[in-house]
Amino acid sequence: MTLQKEDIIRLAERVAEAQTTAHVIPLLTEEFPAMTVADGYAVQQELRRGWVVRGNRLIGWKIGLTSKAKMQQMNVYEPAIGFLTHDMARPENSTIVAAGMIHPRVECEVAFVTRQALRGPDCNRAQVLAATDFVLPAVEVIDSRYAAYKFDLPSVIADNSSSARFVAGGRARNTSDLDLRTLGVVIEINGEIVATGASAAVLDHPAEAIARLVNILHAQGEELAAGSFVMSGGITEAIPVKAGDHVTARFQELGSVSMRFI
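Only a predicted model underlies this, so the values are computations on that prediction, with no experimental measurement involved. (Residues numbered from 1 in each chain as written. Predicted model: local features only at pLDDT ≥ 70, side-chain atom pairs only at ≥ 80, totals over all residues. Heavy atoms only, no water.)

## Let's talk about the overall build of the protein chain
Logical step 1: When you go through the protein chain residue by residue, the secondary structure sums to seven helices and 13 strands.
Logical step 2: Its C-alpha atoms give the protein chain a radius of gyration of 17 Å, within 12% of the compact-globule value 18 Å for 262 residues.
Logical step 3: Dimensions of the protein chain, computed from the C-alpha atoms along their principal axes, are close to 50 × 45 × 35 Å.
Logical step 4: Burial status across the protein chain gives 55% buried among its 262 residues.
Logical step 5: Contacts in the protein chain between residues at least 24 apart in sequence constitute 76% of all its contacts with a sequence separation of at least 6.
Logical step 6: Here the protein chain displays about 10500 Å² of accessible surface, and carbon together with sulfur accounts for 51% of that area. (Helix = DSSP H or I, 4+ residues; strand = E, 2+ residues; numbered from the N terminus. Rg over C-alpha atoms; globule rule 2.2 N^0.38 Å. Buried < 20%, exposed > 50% of the residue type's maximum accessible area, 1.4 Å probe, protein only. Contact = heavy atoms within 4.5 Å. Areas by Shrake-Rupley, 256 points an atom, 1.4 Å probe, with all protein chains shown as cover.)

## Side note on the layout of surface pockets
Logical step 1: Taken as a whole, the largest pocket spans an internal volume of roughly 270 Å³.
Logical step 2: The wall of the largest pocket is formed by 17 residues, among which Gln19, Trp51, Asp87, Ala164 and Arg165 lie closest to the centre.
Logical step 3: Looking at the lining of the largest pocket, the elements that each hand over two or more residues are helix H1 (5–21), strand S2 (80–85) and strand S7 (163–168).
Logical step 4: Here the lining of the largest pocket takes three residues from S7, the largest share from any one element.
Logical step 5: By residue class, the composition of the lining of the largest pocket is five nonpolar, seven polar and five charged. (1 Å grid on protein atoms, 1.4 Å probe; cavity = no way out; pocket = protein on both sides within 12 Å on 5 of 7 lines; lining within 4 Å. Points joined across faces, edges and corners; volume = space filled by probe spheres on them. Nonpolar A, V, L, I, M, F, W, Y, C, P; charged D, E, K, R; others polar.)

## Looking at the nonpolar core
Logical step 1: Leu224, Phe229, Met259 and Phe261 are the most contacted members of the largest nonpolar core, which has 86 residues in total.
Logical step 2: Per element, the largest residue contribution to this core is eight residues, and it comes from helix H7 (residues 206–219).
Logical step 3: Beyond its immediate sequence surroundings of up to four residues, Leu224 is in contact with Trp61, Thr114, Gln116, Ala117, Leu118, Ile210, Leu213, Val214, Leu217 and Val230. (Core = buried A, V, L, I, M, F, W, Y, C linked by side-chain atoms within 4.5 Å.)

## Let's talk about the sheet that holds strand S9 (residues 192–198)
Logical step 1: Within the open sheet, the five strands sit side by side as S4-S13-S12-S8-S9. Their pairing is mixed. Of all strands in the sheet, those bounded by a partner on one side alone are strand S4 (94–96) and S9. Averaged over all pairs of adjacent strands, the angle between their axes in this sheet comes to 20°, without regard to strand direction.
Logical step 2: Examined bridge by bridge, strand S12 (residues 246–251) and strand S13 (residues 255–261) share six bridges and lie antiparallel to one another. In the sheet register, His246 faces S13, and the bridge partner there is Arg260. (Pairing = 2+ DSSP bridges. Axes fitted to C-alpha atoms, helices over the stretch in contact; angles between N-to-C directions.)

## Examining the pattern of salt bridges
Logical step 1: Following the criterion strictly, the structure yields 16 salt bridges and no others.
Logical step 2: The residue Lys5 makes a salt bridge to Glu46 at a minimum N-O spacing of 3.6 Å. Of the two residues, Lys5 sits in helix H1 while Glu46 sits in helix H3 (residues 37–53), which places them 41 residues apart along the sequence.
Logical step 3: Under the relative-accessibility criterion, Glu46 is labelled buried at 10%. (Salt bridge = Lys/Arg side-chain N within 4 Å of Asp/Glu carboxyl O.)

## Focus on H1
Logical step 1: With 17 residues, H1 extends 24 Å between its outermost C-alpha atoms, agreeing within 8% with the 24 Å of an ideal straight helix rising 1.5 Å per residue.
Logical step 2: Where H1 is buried, its residues contact helix H2 (28–31), H3 and helix H6 (153–158).
Logical step 3: Phi turns positive one or two residues past the end of H1, at Ala22, with a value near 55°. (Expected span 1.5 Å × (residues − 1).)

## Details of H7
Logical step 1: Compared with an ideal rise of 1.5 Å per residue, which puts 14 residues at 20 Å, H7 spans 20 Å between its outermost C-alpha atoms and is within 8% of the ideal.
Logical step 2: Along H7, the residues that are buried comprise Pro206, Ala207, Ala209, Ile210, Ala211, Leu213, Val214, Ile216 and Leu217.
Logical step 3: Close packing links the buried residues of H7 with H3, strand S1 (58–64), S2, strand S5 (105–114), helix H5 (125–131) and strand S10 (229–231).

By themselves, these are just geometric observations and shouldn't be taken as functional.
Rendered as structure tokens:
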């Protein structure tokens, strides 16, 4: 790590204000060019501490930059995790206020709900599947607080990996009833197909992404608690949305998730 404690607190406050007021900030690495991934997670941890103090309950985690399409889109080639709080959740078929975000985008993901805790440092796909209560389809609404939706890895980690909103729905299924590697997905905006993909795009298997998340948590001295809601990463590139758009993500074997932006 290169940041001092006072820098970590100040950067976390800067990111929190940008998230709350939906305004763009410069990349944190512009002020701290030597900033590392470990620094980014230190800022994220301080950001989480602040949100919890303000009454937001931690309900789970997400991992992003897990598909080749998303890595190429962002020119960042290492997965990153972020935390999820209850205030980010929106119900199925809900309306989401676009004005509360800077440049929102959607991506469809397989979400896992755990029944057992998972720990690193060597968590693997089989352990994830054994600890999973069920999976269900989800759409994450991401919103980088950096200009032009461009970022580097330490900066995006500090921004909680662009977390903003998420919607889960469809059908909850046992992992034993599915081939999680071959699920097809389609994203429609206003009835038009804008992206398609298959779940193998996520590190070859969505459970592999969850194992990677658990091992990243271990490096920070944490574990994935039982009862966590965890999103395994976008299957396609992130698609921009705006007020007036109706989004539907259709998942093979898992049903669909819909929302409208106003």
